[in-house]
Amino acid sequence: GWCPLSPAGAQSTQLLVDPPWTPAVLWDRVTLTCQGSGTPGDTTWYKDGKCWQKEGSDQFLVTERGTYQCDRPGTGHSPPSIACPTDWLVLQVPARGQLEGDTVTLRCRG
């Protein structure tokens, strides 16, 4: 199917991760939520840079390894997120942005 692209430079769409750790691991039952302007049903999802789901819900459960983005009309693509690694050990950090001087909790998952 055809997937629309929002105008270049519109970068206020956000991809929320639950649970809020990155990189995400599939055994956590990770849910992605796309936030931006417009109707939630107008969300287009991308996996590994290719159209994954056109005009779907603003939320879904990740069931496959990959890097995901969402697009909302008017606010554009979210930053890429959620590479679900296959490594035996994964070092996770909080999904929200960090600033210099912040105390950061790390999780080692296996």
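Description of the structure in this document.

Cut-offs and rules
- Position labels on residues start from 1 in each chain and follow its written sequence.
- Whole-chain, interface and lining totals are the exception, using all residues; otherwise, since this is a predicted model, local features are given only for residues with pLDDT of at least 70 and side-chain atom pairs are given and counted only at 80 or more.
- Hydrogens and water molecules were not included; the side-chain quantities draw on all heavy atoms of the structure.
- Pairing between two strands requires that DSSP report at least two bridges joining them.
- Strands here mean DSSP runs of E at least two residues long; helices mean DSSP runs of H or I at least four residues long; both are numbered from the N terminus.
- N or O atoms closer than or at 3.5 Å make up a polar contact, with two conditions inside protein: a donor-capable atom paired with an acceptor-capable one, and, for residues adjacent in sequence, both atoms drawn from side chains.
- Note on definitions: a residue-residue contact is assigned when non-hydrogen atoms from the two residues lie within 4.5 Å.
- Only protein chains enter the area calculation, which uses a 1.4 Å probe; residues under 20% of their type maximum are buried, those over 50% are exposed, and those in between are partly exposed.
- When two rings of Phe, Tyr or Trp (its six-membered ring) have centres within 6.5 Å they constitute a pair, described as stacked for plane angles under 30 degrees, edge-to-face for angles over 60, and tilted for the intermediate range.

To continue, consider the sheet that holds strand 10 (residues 107-109). Taken together, three strands build an open sheet; the order of strands is 2-9-10 and the sheet is antiparallel. Both edges of this open sheet fall to strand 2 (21-22) and strand 10, since each of them pairs with a single strand only. In the sheet, strand 2 pairs with strand 9 (residues 90-94) via two bridges, with the strands oriented antiparallel. The residue bridging W21 from the neighbouring strand is P94, located in strand 9.

Summarising the element assignment, T13 is placed in the segment before strand 1 (14-18). Side-chain polar atoms of T13 contact the side chain of T75, separated by 2.6 Å. Engagement of the side chain of T13 in a polar contact is seen with the backbone oxygen of G76, the distance being 2.6 Å. Sequence-distant contacts of T13, that is, excluding residues within four places in its chain, are made with C34, Q35, C70, R72, T75, G76, H77, S78 and P79.

Of the two faces of strand 1, the one lined by L15 and V17 is fully buried and the one lined by Q14, L16 and D18 carries no buried residue. Note that strand 1 and strand 3 (residues 31-35) share five bridges and pair antiparallel. From the neighbouring strand, V17 faces strand 3, where its bridge partner is L32.

Further remarks concern the sheet that holds strand 7 (residues 68-72). The antiparallel open sheet is built from four strands, whose spatial order is 5-4-7-8. Of all the strands in the sheet, just strand 5 (50-56) and strand 8 (76-77) have a single pairing partner and so form its edges. In terms of strand pairing, strand 4 (residues 43-47) meets strand 7 through four bridges, oriented antiparallel. Bridge pairing in strand 7 places Y46 opposite Q69.

The full count for this structure, using the stated rule, is three aromatic pairs. Ring geometry for W45 and F60: centres 4.6 Å apart, planes at 85 degrees, overall edge-to-face. On the criterion of sequence distance, the pair formed by W45 in strand 4 and F60 in strand 6 (residues 59-61) is long-range, its members being 15 residues apart. A single burial state applies to W45 and to F60, both of which are buried. Taken together, W45, W52, F60 and Y68 form an aromatic cluster joined through their ring pairs.

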